[in-house]
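The lines below spell out each chain.
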Amino acid sequence: MESEKKSAVSDMGAWAMNVVSSVGIIMANKQLMSANGYSFTFATTLTGFHFAVTALVGMVSNATGFSSSKHVPLWELVWFSVVANMSITGMNLSLMLNSVGFYQISKLSMIPVVCLMEWVLHNKRYSREVKMSVVVVVIGVGVCTVTDVKVNAKGFICACVAVLSTSLQQISIGSLQKKYSIGSFELLSKTAPIQACSLLVLGPFCDYYLSGNLLLDYNYSSGAIFFILLSCSLAVFCNVSQYLCIGRFSAVSFQVLGHMKTVCVLTLGWLLFDSALTFKNISGMLVAIAGMVIYSWAVEVEKQSPKLSPNTKSPHASKNSLTEEELRLLKEEMEKTDVEVGQSKT
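Since the structure is predicted, the reported quantities are computational estimates derived from the model, not experimental observations. (Residues numbered from 1 in each chain as written. Predicted model: local features only at pLDDT ≥ 70, side-chain atom pairs only at ≥ 80, totals over all residues. Heavy atoms only, no water.)

1. A closer look at the overall build of the protein chain
Convention followed: Secondary structure counts use DSSP, requiring at least four H or I residues in a row for a helix and at least two E residues in a row for a strand, with both numbered from the N terminus. Classification of residues uses two cut-offs on accessible area relative to the type maximum, computed with a 1.4 Å probe and protein chains only: under 20% is buried, over 50% is exposed, and between them is partly exposed. Contacts are residue-level and defined by heavy atoms, with any inter-residue pair within 4.5 Å sufficient. What sets the accessible areas is the Shrake-Rupley method with a 1.4 Å probe; for residues, cover comes only from the shown protein chains.
Secondary structure assignment for the protein chain yields twelve helices and zero strands. Here the protein chain, with 346 residues, has 40% of them falling under the buried criterion. Restricting the contact set of the protein chain to residue pairs at least 6 apart, pairs at least 24 apart contribute 87%. Roughly 19,500 Å² of accessible area belongs to the protein chain as shown, and the carbon and sulfur atoms make up 68% of that amount.

In structure tokens form, the structure reads like this:
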């Protein structure tokens, strides 16, 4: 009982750290990148900074003995980093080439794509209650975020690449942790240096294509440097909590959590940045929150539902085995009786 309480507290801590750090980094990046802020339009390079700081924290942690380092084949780390970088680049290109409405639709499609990929790759099935709650969440977030929907061929291809690579990356986090019995922070400290190097090399070229601005021409004011450092610090907590959440729960649960962050961002945008919040936004957020509550209930029901293991016999099988046992005992009793009768005759 005590261990279950500690596990529940740890789970809530991982959820809370991911929500707070993710919402915080979105607010910091909005101030850093917006035209009303510091106009730092180099999103891919900024992600490279994030992973560079995360890799540095991982190296210090390993050097001080705070965390241990387990062996993971280099080719798996490189493959995972390539998929993760495709996810980041694809998302940035999708946001640039598509309307905001279609970009939100592509993000909403990640939940069914993750479910489908887990079914194909790991033969994982979901209960009817879980499927229904996911549909409610998707509808609610769609109502409060999707506005104009415009799509073109290049944007559609980039959106498909982003959705597939992001879904595969999130599934792979949990798979690698289970496969090599490695902790979330240990896995992150191994993949972060590879992602940092590749993004810092390719990021400026990608950002130049997206924004038309050169990184070296940017005027680094003290305010911009402060928000870059703040964004990198929050990114460490965001990355660690992402690996923690997926390792503890599943990629689908992490996607549902991501939509909770969307609701928080909309609310904070209304409170801090005077963003418009219409009745449509509010009703969509309420539906999404209701879907998240239903999802939590459905997951608990799925955990507590009795499942027969291959070694567990059904009641019918138990009945048969009991009858066979009675027949065996009856046969032995009859043999003893025959022996006693034979001795009496003798």
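That shown, we press on.
2. Quick notes on unusual backbone geometry
Positive phi outside glycine occurs at Ser 39, with the angle close to 50 degrees. Relative to the assigned elements, Ser 39 resides in the loop between α1 (2-33) and α2 (43-63). Here Ser 39 falls in the partly exposed class, since its relative accessible area comes to 34%. A positive phi angle is found at Ser 181, which is not glycine, with a value near 50 degrees. In this fold, Ser 181 is placed in the loop between α7 (153-180) and α8 (184-211).

3. Re the UniProt feature "transmembrane region" (unreviewed entry) in the protein chain
For the record, the criterion: UniProt positions are given in the numbering used here, feature names are shortened, and annotations may be inferred rather than shown by experiment.
With numbering matched to this structure, UniProt assigns "transmembrane region" (unreviewed entry) to residues 40-60, 72-95, 222-240, 252-273 and 279-298. As annotated, residues 72-95 comprises 92% helix and 0% strand, and the C-alpha atoms at either end are separated by 34 Å. Helix makes up 100% of residues 279-298 and strand 0%. Its end C-alpha atoms lie 28 Å apart.

4. Here's the deal with the pattern of salt bridges
For side chains of opposite charge, pairing can occur when their charged atoms come near one another. The condition that has to hold: Any Lys or Arg side-chain nitrogen found within 4 Å of a carboxyl oxygen on Asp or Glu counts as a salt bridge.
Counting across every chain of the model gives one salt bridge. Here Glu 76 ties to Lys 179 by a salt bridge, and the two come within 3.0 Å at their closest N and O atoms. Of this pair, Glu 76 sits in helix α3 (residues 74-97) while Lys 179 sits in helix α7, placing them 103 residues apart in sequence.

5. Observations concerning α7
What counts, and what does not: Multiplying one less than the number of residues by 1.5 Å gives the expected span of a helix.
Between its terminal C-alpha atoms α7 stretches 40 Å, which fits the 40 Å expected from 28 residues at 1.5 Å a residue. At the C-terminal side of α7, Ser 181 shows a positive phi close to 50 degrees.

6. Section: the nonpolar core
Operational definition: As used here, the term nonpolar core means buried Ala, Val, Leu, Ile, Met, Phe, Trp, Tyr and Cys residues forming a set that is joined through side-chain atoms within 4.5 Å.
If you look at the biggest cluster of nonpolar residues, it comprises 13 residues, and the most contacted ones within it are Phe 80, Ile 173, Leu 187, Val 240 and Tyr 243. Elements with a minimum of two residues in this core: α3, α7, α8 and α9 (222-248). The greatest single-element share of this core, amounting to four residues, is contributed by α9. Counting residues in each nonpolar core, the second largest holds eleven residues, with Leu 32, Phe 42, Leu 46 and Phe 227 among its members.

7. What about the environment of Val 113?
For Val 113, the position within the fold is in helix α5 (residues 110-122). In sequence terms Val 113 and Val 163 are 50 residues apart; their C-alpha atoms lie 7.8 Å from each other. Other than its neighbours up to four places away in sequence, Val 113 contacts Val 163, Leu 164 and Ser 167.

8. Let's talk about the packing of α2 against α8
For clarity, the cut-off: Each axis is a line fitted through C-alpha atoms, taken for helices only over the stretch in contact, and angles between the N-to-C directions span 0 to 180 degrees. Relative orientations are named as follows: roughly parallel for angles under 35 degrees, roughly antiparallel for angles over 145 degrees, roughly perpendicular for angles from 65 to 115 degrees, and oblique for any other angle. Handedness of a crossing is defined here by the sense of rotation of the near helix relative to the far one, left-handed for an anticlockwise turn of less than a right angle and right-handed for a clockwise turn. Just so you know the grouping, Ala, Val, Leu, Ile, Met, Phe, Trp, Tyr, Cys and Pro go in nonpolar, Asp, Glu, Lys and Arg go in charged, and all remaining residues, Gly too, go in polar.
Packing of α2 against α8 leaves a shortest axis separation of 7 Å and a crossing angle of 155 degrees. Overall, the two elements α2 and α8 adopt an arrangement that is roughly antiparallel. Viewed along their axes, α2 and α8 form a crossing whose handedness is left-handed. Along the lines of polarity and charge, the residues of the contact of α2 with α8 split into 16 nonpolar, eleven polar and one charged.

9. Details of the side chain of Thr 166
To keep things clear, this is the line we draw: Pairs of N or O atoms within 3.5 Å make up the polar contacts considered here, provided that, within protein, one atom can donate a hydrogen while the other can accept it, and that residues adjacent in sequence are counted only when both atoms are side-chain atoms.
Mapped onto the fold, Thr 166 is located in helix α7. For Thr 166, a relative accessible area of 6% translates into the label buried. Within the structure, the side chain of Thr 166 is placed 2.5 Å from the side chain of Ser 87, a separation counted as a polar contact. In this view, Thr 166 contacts Ser 87, Met 91 and Met 110; residues no more than four positions away in its chain are not counted.

10. Considerations on the packing of aromatic side chains
Rules: A pair of Phe, Tyr and Trp rings is counted when the ring centres sit within 6.5 Å of each other, with Trp represented by its six-membered ring. The angle between the planes then sorts it: under 30 degrees is stacked, over 60 is edge-to-face, the rest tilted.
Applying the stated criterion across every chain yields a total of seven aromatic pairs. With a centroid separation of 5.1 Å and 85 degrees between ring planes, the pair formed by Phe 40 and Tyr 218 is classed as edge-to-face. In this pair, Phe 40 sits in the loop between α1 and α2 while Tyr 218 sits in the loop between α8 and α9, placing the two residues 178 residues apart along the sequence. Summarising the aromatic geometry, the rings of Phe 42 and Tyr 218 are spaced 6.1 Å apart at their centres and angled 85 degrees between planes, so their arrangement reads as edge-to-face. Taken together, the residues Phe 42 in the loop between α1 and α2 and Tyr 218 in the loop between α8 and α9 connect sequence positions 176 residues apart.

11. A word on the side chain of Ser 231
By the secondary structure assignment, Ser 231 is in helix α9. For Ser 231, the contacting residues outside a window of four places in its chain are Ile 25, Asn 29, Leu 46 and His 50.

12. Remarks on the confidence of the model for the protein chain
Selection criterion: For every residue, the pLDDT score states the predictor's confidence, bounded by 0 at the bottom and 100 at the top.
In the predicted model, the protein chain carries a mean pLDDT of 76, and the fraction of residues at 70 or more is 73%. Looking across the protein chain, the model is least confident in helix α12 (residues 315-345), with a mean pLDDT of 48, and most confident in α2, with 90. Confidence over residues 307-326 falls short of pLDDT 50; this stretch has two contacts with residues more than four positions distant or in other chains. Per-residue pLDDT stays below 50 along residues 339-346; that stretch engages in zero contacts with residues further than four places along the chain or on separate chains.

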